[in-house]
Amino acid sequence: MKTDNPGKRTMTIQEEKTVITETEEAIADQLIETTTSHIEIIETVISGMAENNSAMVSRTENGTLWKFQYGSVEVFVQLTGESDEDLLTVWSAVLTLPAKNEPGLMRKLLEMNWLGTYETCFGIVNNQVVVLAQRSVAELSPGEISRSITLVANIADNNDEALKEEFGGN
């Protein structure tokens, strides 16, 4: 969670669900009315979430990769293409390894995966603990795109500082 104000309380899981659901619904409604391609949908979602004009995009033969700042985390969104076999992947690093008490960290991450990550999960890639969501593009709706990006960004932002405090790392 953003900690610009040290006296600010953290959200309960129910409050977090409400904020995420309201945000997703508003974005999804706007997307359904105004866009057609997955790229347009992703860019609309990111433009509504990115802070300080932080959104960046890279297009290559392997697909499109976006990066933006959300609270205390950087969020990445990759779309490999528009065919049914292509993938939408959203991730955000929350902790760099090695960390203190890695067995304790792994247990906590597994418990968090069960308790409150919805369609996302914690994972490890390139010595970083990440929050991630991935699915094929087949029958991918604007609401699912919005939900994946929103969930990864919020869960990462709400957990990165606490994980760093408890387990070290960067």
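Scroll up to find the structure this text is about.
Residues numbered from 1 in each chain as written. Predicted model: local features only at pLDDT ≥ 70, side-chain atom pairs only at ≥ 80, totals over all residues. Heavy atoms only, no water.

## Remarks on the nonpolar core
Right, on to step 1. Counting residues in each nonpolar core, the largest one holds 36 residues, and the members touching the most others are Ile42, Val77, Leu105, Phe122 and Ile149.
Right, on to step 2. When residues of this core are traced back to their parent elements, those giving at least two are helix H2 (38–49), strand S2 (63–70), strand S3 (73–79), strand S4 (87–96), helix H3 (102–116), strand S6 (128–136) and helix H4 (142–167).
Right, on to step 3. For Phe122, the contacting residues outside a window of four places in its chain are Val94, Leu109, Met112, Asn113, Thr117, Val129, Val130, Val131, Ile155, Asn159 and Leu163. (Core = buried A, V, L, I, M, F, W, Y, C linked by side-chain atoms within 4.5 Å. Buried < 20%, exposed > 50% of the residue type's maximum accessible area, 1.4 Å probe, protein only. Helix = DSSP H or I, 4+ residues; strand = E, 2+ residues; numbered from the N terminus. Contact = heavy atoms within 4.5 Å.)

## Thoughts on the packing of H3 against H4
Right, on to step 1. Orientation of H3 relative to H4, taken along the N-to-C sense of each, is 155 degrees, at an axis distance of 12 Å. The orientation of H3 relative to H4 falls into the category roughly antiparallel. Seen along the crossing, H3 lies across H4 with a hand that is right-handed. Contacts from Gly104, Leu105, Lys108, Leu109, Met112 and Gly116 of H3 reach H4 at Ile155, Asn159, Leu163, Glu166 and Phe167.
Right, on to step 2. Residue classes in the contact of H3 with H4 are distributed as 6 nonpolar, 3 polar and 2 charged. (Axes fitted to C-alpha atoms, helices over the stretch in contact; angles between N-to-C directions. Parallel < 35°, antiparallel > 145°, perpendicular 65-115°, else oblique. Left-handed = near helix turned anticlockwise from the far one by under 90°. Nonpolar A, V, L, I, M, F, W, Y, C, P; charged D, E, K, R; others polar.)

## Re the packing of H2 against H4
Right, on to step 1. Interaxial distance between H2 and H4 falls to 10 Å at its minimum, and their mutual angle equals 40 degrees. With respect to the hand of their crossing, H2 and H4 are arranged in right-handed fashion. Contacts between H2 and H4 pair His38, Ile41, Ile42, Val45 and Met49 from the former with Pro142, Ile145, Ser146, Ile149, Thr150 and Ala153 from the latter.
Right, on to step 2. Looking at the contact of H2 with H4 residue by residue, the class counts come to 8 nonpolar, 3 polar and no charged.

## Notes on the sheet that holds strand S5 (residues 121–125)
Right, on to step 1. Strand order in the open sheet formed by 6 strands is S1-S2-S3-S4-S6-S5, and the pairing between neighbours is antiparallel. At either end of the open sheet lies a strand with only one pairing partner, and these are strand S1 (56–60) and S5. For this sheet, the mean inter-axis angle between neighbouring strands, taken without regard to orientation, is 25 degrees.
Right, on to step 2. Alignment of S1 against S2, held across 5 bridges, turns out to be antiparallel. Of the residues in S2, the one forming a bridge with Ser58 is Leu65.
Right, on to step 3. Running over the sheet, H2 touches S1, S2, S3 and S4 and is turned about 10 degrees from S2.
Right, on to step 4. Strands S2, S3, S4, S5 and S6 of the sheet are contacted by H4, whose axis makes an angle of about 10 degrees with S4. (Pairing = 2+ DSSP bridges.)

In short, the description is geometric, and any link to function would need to be established separately.
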